[in-house]
Every structure is written in C-alpha cells, then in structure tokens.
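Structure at a glance
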Amino acid sequence: MRACRTALLLALVIPQCLRAEDGYELWLRYRPLEAEWRSTYREAVRSLVVPQSGSPTLRAARGELLRGLEGLLGAVPASAREAGEGALLLGTPETSARIADLKLPLKPLGEEGYLIRRVDTDRGAAIVIAANSDIGVLYGTFHFLRLLQTRTALANLDIVSRPRIQLRLLNHWDNLDRSVERGYAGQSLWDWWRLPDYLDPRYTDYARANASIGINGTVLNNVNASADSLTSRYIAKAAALADVFRPYGIRVYLSARFSAPVEIGGLDTADPLEPAVRAWWKAKAAEIHAAIPDFGGFLVKANSEGQPGPQDYGRSHADGANMLAEALRPYGGAVMWRAFVYSDTNPEDRAKQAYSEFKPLDGRFADNVILQVKNGPIDFQPREPFHPLFGAMPATNLMLELQITKEYLGFDTHLVYLGTLFEEVLDADTCAGSSGRCGEGAVVASVIDGSLHGYRRTGIAGVANIGTDRDWSGSIFNQANWYAFGRLAWNPDLSARSIAEEWLRMTFTANKRFVAPAAGMMLRSRQAAVDYMTPLGLAHLMGTDHHYGPAPWVDHLARPEWNPVYYHRADREGIGFDRTAEGTGAVSQYAPPLARRFGNRNAVPEDYLLWFHHLPWDYPMASGRDLWAELVHRYDRGVAEVRAMAETWAGLESFVDAERFYKTARFLEIQKREARWWRDASIAYFRAVSGRPLPAGAREPARPLEAYRALQFPRGAGN
Ligand code: BDP
C-alpha cells in the first residue's frame, strides 16, 4: 500500500509517496538515503574487504553490511582482497592479515568492543572496523550502519566502544503454552511445539535486532517457571534456539523452578543442602551444557509470590543460590537470583522486605551468583525511588532489572518512552561511595557496572516487550523502549534524548522537522503517565490482577499489601505512606544523607513526596497550591500532555507512512481516553475520601465514582 500526499519540498509542491510499513523491520529499515548522502557514502565505501573463510559471526556481519548498504545506498560495494582507496575493512588481527598489519590499539576493547576508524593504507584512505573477536566486529558493523542511517559524516571517524556491563539480557516472561505474562504484543515468539525441527526465520531477525543494540543474552521462559523447561524435551528445543542465536553473540539462559527436583526429578525434597538434590542439579547442568555448550545460566524467582524456594526447607536465599552456582561453576554459568521477594505472611512494609531479607546476606553468595534487583523497592511502578539495595551490597554482585513491557505504564497502547525512566534510575545517586557523601558519582550505574564495589560479575536485565505481533512490541513507539534498554545496557551514560533521536531517525526519518517534535513528545511522555496515573509519589493504584486502569478504592483483598488503599493511605485528614522514622522507617535503608533528605518533608523531591510521607490535604506545596489542589493539577497536567501529544502526532502525518501513522494516531486516542479515565476516577475517589470540594476551576469527573468502581475487565491483556 502506498500513501500519497502532497508535501512542500524545496518550495515545490510535489507528491510524496511513502510505502506502508508494518514495523517488522524495527530500526533496521535500511531505506534509501537522500541522494547527497548516497553519493558521499558510496565514495567512502567502494569495496569491502572481509576475511574469506569467516566464522558464522563474521558471515552475519558481512551479510548485514551488504543488506544495509544495498538498502541505504542502492548499491553493493565490490568485494576486494586488498584495501584500496574507499575500502571498508572488517575483521580481527587473527582473521585478517591486513588488520594485523595496521597494529591498531585493540587491547582496551576487551572481548566485545570494537573500533571504527579512518586509516591510511599504501593504496589510499580506508575505513576499518576491527575488534579482538568476531562478535566485536559484528557490533562494530551495526554501529557503522547506524552512522549511515543517522547521516553522520565519516571524515574523521575514530570510534572506540566497549560495553560497560557484562550481561545485557532480555528476560522473557514467556510460558510454554506461548502465552506471555504481562505481554501485550501477541504470543510468545518461541514456537515450542514446532521446535526444534522448525526454526522460524523470525528467530534470526530477533537475534539481529538484539545484536544491533548489544544485547548478549536471553532468558527464554517466565520467572514463574514451569519445571518442564528443564526436561530433556525442552532442553533440545532451547538448544535449537541457542544455535540460531549463537552467531549473534546471544546466549540462552533458563528460568529454573526451585522445586524441579521434586516435580521432574522424582525426589521427595528440593532442600538445597540435601546431597541428592545437589547431585540432581549438577547432573541437570551437565545435561544442559551438553546440549548448549555456551549456556548462560539460571534465573530464579524463589520464595516470592507463591514460588517455591529454599525457605520452604528452612534454608536461606544464599543456600539456594549457592547450590545452583556450584552446579553451573564447571561451565562458567551464572545464577541470577531475584531480590523481588515479599512474603504474604510478613507484616513489614512491603517496600522494606527485600532489603531486610538480603542485606544480612551480603558477602554470603558465591561469586557466580548475581542478585537481580528491580529498579524500585515495590514493583516497576510509573515512578519509584531507586531500590535501597543498590549501594548497600558491596560484597555481593548486584544487577538491575528493568521492565520494558509496560505492565504499569499503559500496556501496548500508551505512548510512554521509558528511556527517561531508565536514565533516572541509572543516574540516581546512592550516596554510598567511600566518602559517604552525595554527588561523588556513586550512582546506580556505577553499582551495576561494577566500578563502585569492584564486582566481578555485572549485569542488567529488561523484561521483554516482544511477541508475535508484526511490529514485535505491540506498538511502533514501544520498539523504542527495547532499543533504549539495549543502548543503555551497553553504555549507561548515554542520554535518553540522544537515544530517542537516534531511534526516530532510524525508524522514521532524519528530517529535523519530524525528529524534534517527535523526540519532545517521547521525552515528556513518561512524566505525563506518572501525572495521570500516580502523581507525587503515589504508587500501585491499578486494577487487581490485570493491572488495567485505576482502582485506588480496592480494599477487600486478603493481604494488606495487595490492596491499593495500603499504598495511598488516604483518609479524611491526608494522604501518603509514612516511611519516615515515625512511620515504617523505610528511609533508614538508604545511605544517611539520603535517609535525611527523603525523611524530611521539606527536602524530599516532590516526585517522591507521598512515597515517603503522609501529609494533610492542605499541606502547602512549592507551587503555592495545597496538596489536594496540586494533586488535581498534576492529574490535569498529565491529561493535557497526552492531548498535546496527539496533536503533535497529527501534525507529523506527512513524514510517516499511512500504516504506522494510523496505528500511532489511534493508540494516542486510546491513551487520551484512558488518561482521562485515570484522572477522573482517581479524583472522584480522593474527593470522596477527603470530603473536599474540587479545587476552583477543576473539571468535574465525567462519571460518578460508582460508575468507575463498577467497571470489570475479565480476560484482561497479559494477565
Ligand atoms: C509483577 C507482575 C507479575 C510478576 C512479578 C515478578 O505483576 O506478573 O510475576 O512482578 O516480577 O509486577 O515476579
């Protein structure tokens, strides 16, 4: 399908036809560049010098380069044996004598890094993409293509890049029946039934996309794991996927169900100190490694939300993790042990429980265990302060878990760019450096890249937003969240803005008149969602189970912390959760200067105000409004921003093909309606609880509170 419309170009009115796109190609679209760029780049890349007998990884690099150059430049450069003027040289010193001769400073690049540089050879200027390993060459190739896609001048090329974090993983919450927990983009990509015999070509495109942003591992199955994933039948299927991913530098990992020795092993216990159990896991690890020689390791959710774990046998998390670590040790594998634990029998503030559980275990984990900690202390809410375990575990490897799928941020339809959320977490100052002061670089990024505490193993995981939808992520703009995760995992210092701009250029067009407004919309979108869902530090106010829409009134669920009323604590007098010393004392889990700041209602950032404080409705805010009026103002601000986003998008129609334009436009309409629903239902409820009239000028909610309370959503998405 082609959408033709007239556009003002160079002062001429000419018809512009943009071929409809369904988003399948993600940011690797390789559409023809403008004529000037095409000729500039064709000059710069006249021939390709790639080692003849390459590994599958080098062949993938060459294939990607040919695909990219053909698409972008409309021509494939000749293959050459020797570098001449305009040559592009690829390889490692081992695979290419020409690269070895150049004596490039490759040592600092490590295993995965690369260098892209202009070099002078005897026969003219060339460009070299060199690395110590083939995978470095592949990463460099994708970077080089990105330079072309974003129209970067190649004159003084001198790029050196290596990842700051070792394990850069996607976590798929995919079940063996192809449903995806909290997935909003269709079914699981993994066609378990047809594996290992049928390999969907999509697996290769998945690997290409991940390699292009430096992701180097994938956990195939849900953390709420079925033990069946560890049976021989499923190991063979996982091995087939691993074979497809291997050339792209992607290792396979599995979520392990702690009680598997009982469920599929015929034992009557899964006690981690029981020799038969330890032997079972060792044999299992050996079996997996025989099928998947580069198997990455296990991810474990234990003693959390009903999952089995070592505490069922009176053992600690360290006992459980170390047992699995021992089984994987001969093969170099890692255990990623999740810190997302809260018990339905523990009366302690839920925000405190993970720290209380794990802090005393610091230093008790084997060195191939990494504790995987969610960004905030509750659960991927639109905004949370960073998790207090970051900075508090100097003797335990800690990795960060982010959620790319938007369970709490509008599912598939809301346009919410998470680059800014990820950036906010990575840049959060733990104030836990050796000086004990803030502002000295002890940010979350420096915890997880290992530099703050000298961790030997480092990692970052993103809960994937990928499924069988043609556009992979349920919406075009959700692709940006996958992209941003990968780019920040490689380099946590990149800015959310630069990533958004880069992604827009590659995904749509490099035209500034498109990129500037679209980037502005993306950068403001997460704050908008916070404003219309959970402003001023509120959290966990969504509908039960499906998590769709507002339900701050829910108060009847069996456990206190399952109920939204537990989190907002609104009554006639005020609102918010007192986590100061007078309340639950959760502030004391942060480094002293932060504990003081968060614990002081006049010093805490307003974004976290009601997270840490319970305040009267007439509490005076910085704006001059009282708390109630400020809350309503924030809800309105969020709704207004979404309206503005929809208007911005409408104005960008001439830059986007009809299919992607239409989908995004319709989704923004859904977001507009749902933002208003969040605002109206929340305000109607808080008004009733507080007994306060609406602030002057505030719009009356569209429906009475009872109408919102009565809404039901059976079969909600992703549940
Ligand atoms: C919650 C999800 C639930 C996950 C859980 C987890 O609602 O589906 O199983 O996190 O991370 O946010 O284990």
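Just so we're clear, the structure is a prediction, and the values are computed from it rather than from any experiment.

1. What to know about the overall build of the chain
Scanning the chain from N- to C-terminus turns up 21 helices and 18 strands. Against the 2.2 N^0.38 benchmark of 27 Å for 719 residues, the chain shows a C-alpha radius of gyration of 26 Å, consistent with a compact globule. Projected onto the principal axes, the alpha-carbon positions of the chain cover approximately 80 × 75 × 55 Å. Restricting the contact set of the chain to residue pairs at least 6 apart, pairs at least 24 apart contribute 72%. When the accessible surface of the chain is summed, it comes to about 26600 Å², and 50% of that surface belongs to carbon and sulfur atoms. Here the chain contributes 82 positive and 83 negative side-chain charges, whose respective centroids are spaced 4 Å apart.

2. Brief notes about the side chain of T218
In this structure, T218 sits in strand β10 (residues 217-219). Given a relative accessible area of 0%, T218 falls into the buried group. When residues no more than four places from it in sequence are discounted, the contact partners of T218 are L170, H172, W190, Y206, F245, I250, R251, V252 and Y253.

3. Quick word on the nonpolar core
Core analysis: the largest hydrophobic core is formed by 231 residues, its most contacted members being F144, F245, W281, F298, W337 and F686. Those residues within four positions of W281 in sequence are excluded, and the remaining contacts are L230, A256, R257, F258, A260, P261, F298, M323, L324 and A327. In this structure, V49, A83, I99 and L115 belong to the second largest nonpolar core, which totals 13 residues.

4. Considering the domain arrangement of the chain
Taken as a whole, the chain is organised into domain 1 (34-161), domain 2 (207-507) and domain 3 (530-577 + 614-709). Each of domain 1 and domain 2 has a C-alpha centre, and the two are 34 Å apart. In this complex, domain 1 contributes 16 residues to the contact, which on the side of domain 2 involves 16 residues. One can count two salt bridges joining domain 1 with domain 2. Of the charged contacts, one joins R208 and E64 as a salt bridge, the two residues approaching to 2.8 Å between their closest N and O atoms. At the boundary of domain 1 with domain 2, the tally comes to four residue pairs in polar contact (both at pLDDT 80 or more). Looking at the side of domain 1 that touches domain 2, the elements that each hand over two or more residues are α2 (56-73) and α4 (134-149). In terms of residues, the side of domain 1 that touches domain 2 owes the most to one element, α4, which gives six residues. Of the residues in the side of domain 1 that touches domain 2, the class split is seven nonpolar, four polar and five charged.

5. Focus: unusual backbone geometry
In this model, L195 is joined to P196 through a cis peptide bond whose omega is 0°. Relative to the helices and strands, P196 resides in the loop between β9 (167-171) and α5 (201-212). Although it is not a glycine, R151 adopts a positive phi angle of roughly 60°. With respect to the secondary-structure elements, R151 resides in the loop between α4 and β8 (158-161). Judged by its relative accessible area of 17%, R151 is buried.

6. Considerations on the UniProt feature "active site" (unreviewed entry) in the chain
Feature annotation in UniProt assigns "active site" (unreviewed entry) to the following positions: E305, D379 and E407. For D379, a relative accessible area of 6% translates into the label buried. Setting aside residues up to four positions removed in sequence, D379 forms contacts with F340, R350, K374, E384 and Y408. Overall, E407 belongs to the buried group, its relative accessible area being 4%. Beyond its immediate chain neighbours, meaning those up to four positions away, E407 contacts W173, R182, Y184 and H547. At 3.0 Å, the side chain of E407 forms a polar contact with the side chain of Y408.

7. With respect to the packing of helix α11 (residues 419-426) against helix α13 (residues 476-490)
Axis separation between α11 and α13 bottoms out at 9 Å; the angle between their running directions is 30°. Between α11 and α13, the angle falls in the class roughly parallel. Mapping the contact onto sequence places G419, F422, E423 and L426 in α11 and N481, A484, F485 and L488 in α13. The class makeup of the residues in the contact of α11 with α13 is five nonpolar, two polar and one charged.

8. Regarding the site of the ligand
Residues in contact with the ligand amount to 14 residues; listed here are only the nearest, E181, K301, R338, D379 and E407. E181 places a side-chain nitrogen or oxygen 2.4 Å from an oxygen atom of the ligand. A distance of 2.4 Å separates an oxygen atom of the ligand from a polar atom in the side chain of E407. About the coverage of the ligand: the protein hides 96% of its 320 Å² of free accessible area. Grouping the amino acids of the shell around the ligand by side-chain chemistry returns four nonpolar, two polar and eight charged.

9. Observations regarding the pattern of salt bridges
In total, this model carries 53 salt bridges according to the counting rule given. Note that R164 is salt-bridged to D449, the shortest N-O span being 2.8 Å. Highlighted residues: R164 in the loop between β8 and β9 and D449 in the loop between α12 (444-448) and β16 (459-463), separated in sequence by 285 residues.

10. As for the sheet that holds strand β7 (residues 124-130)
Strand pairing in a sheet relies on backbone hydrogen bonds. The paired strands run either parallel or antiparallel. Strand order in the open sheet formed by six strands is β4-β3-β5-β7-β6-β8, with mixed pairing between adjacent strands. Two strands in the sheet have a free side with no partner beyond their single neighbour: β4 (78-79) and β8. In terms of strand pairing, strand β3 (residues 47-49) meets β4 through two bridges, oriented parallel. In the strand pairing of β4, L48 is matched with S79.

11. Looking at the pairing of strand β14 (residues 369-374)
Where a strand is regular, its side chains alternate between the two sheet faces. With six of six residues buried, β14 lies mostly within the body of the structure. Neither face of β14 is left uncovered, since the one carrying V369, L371 and V373 and the one carrying I370, Q372 and K374 both have all their residues buried. For strand β13 (residues 334-338) and β14, the ladder comprises four bridges, and the chain directions are parallel. If you follow M336 over to β14, its bridge partner there is I370. Each parallel crossover has a hand, and the one from β13 via helix α10 (residues 350-358) to β14 is right-handed. As paired elements, β14 and strand β15 (residues 398-403) share four bridges and run parallel to each other. In the sheet register, Q372 faces β15, and the bridge partner there is M399.

12. Overview of the sheet that holds β10
Around the barrel, eight strands lie side by side as β9-β10-β11-β12-β13-β14-β15-β16; this closed barrel has parallel pairing. Neighbour-to-neighbour, the strand axes of this sheet turn through a mean angle of 25°, independent of strand direction. Across four bridges, the pairing between β15 and β16 is parallel. Within the sheet, the bridge partner assigned to L402 lies in β16 and is G462.

The rules behind each value
- Residues numbered from 1 in each chain as written.
- Predicted model: local features only at pLDDT ≥ 70, side-chain atom pairs only at ≥ 80, totals over all residues.
- Heavy atoms only, no water.
- Helix = DSSP H or I, 4+ residues; strand = E, 2+ residues; numbered from the N terminus.
- Rg over C-alpha atoms; globule rule 2.2 N^0.38 Å.
- Contact = heavy atoms within 4.5 Å.
- Areas by Shrake-Rupley, 256 points an atom, 1.4 Å probe, with all protein chains shown as cover.
- Lys, Arg positive; Asp, Glu negative; His and termini not counted.
- Charge placed at Lys NZ, Arg CZ, Asp CG, Glu CD.
- Buried < 20%, exposed > 50% of the residue type's maximum accessible area, 1.4 Å probe, protein only.
- Core = buried A, V, L, I, M, F, W, Y, C linked by side-chain atoms within 4.5 Å.
- Domains from an automatic or database assignment.
- Salt bridge = Lys/Arg side-chain N within 4 Å of Asp/Glu carboxyl O.
- Polar contact = N/O pair within 3.5 Å; in protein donor to acceptor, adjacent residues only side chain to side chain.
- Nonpolar A, V, L, I, M, F, W, Y, C, P; charged D, E, K, R; others polar.
- UniProt positions renumbered as here; feature names shortened; annotations may be inferred.
- Axes fitted to C-alpha atoms, helices over the stretch in contact; angles between N-to-C directions.
- Parallel < 35°, antiparallel > 145°, perpendicular 65-115°, else oblique.
- Near = heavy atom within 4 Å.
- Pairing = 2+ DSSP bridges.
- Right-handed = clockwise from strand over helix to strand, strands pointing away.

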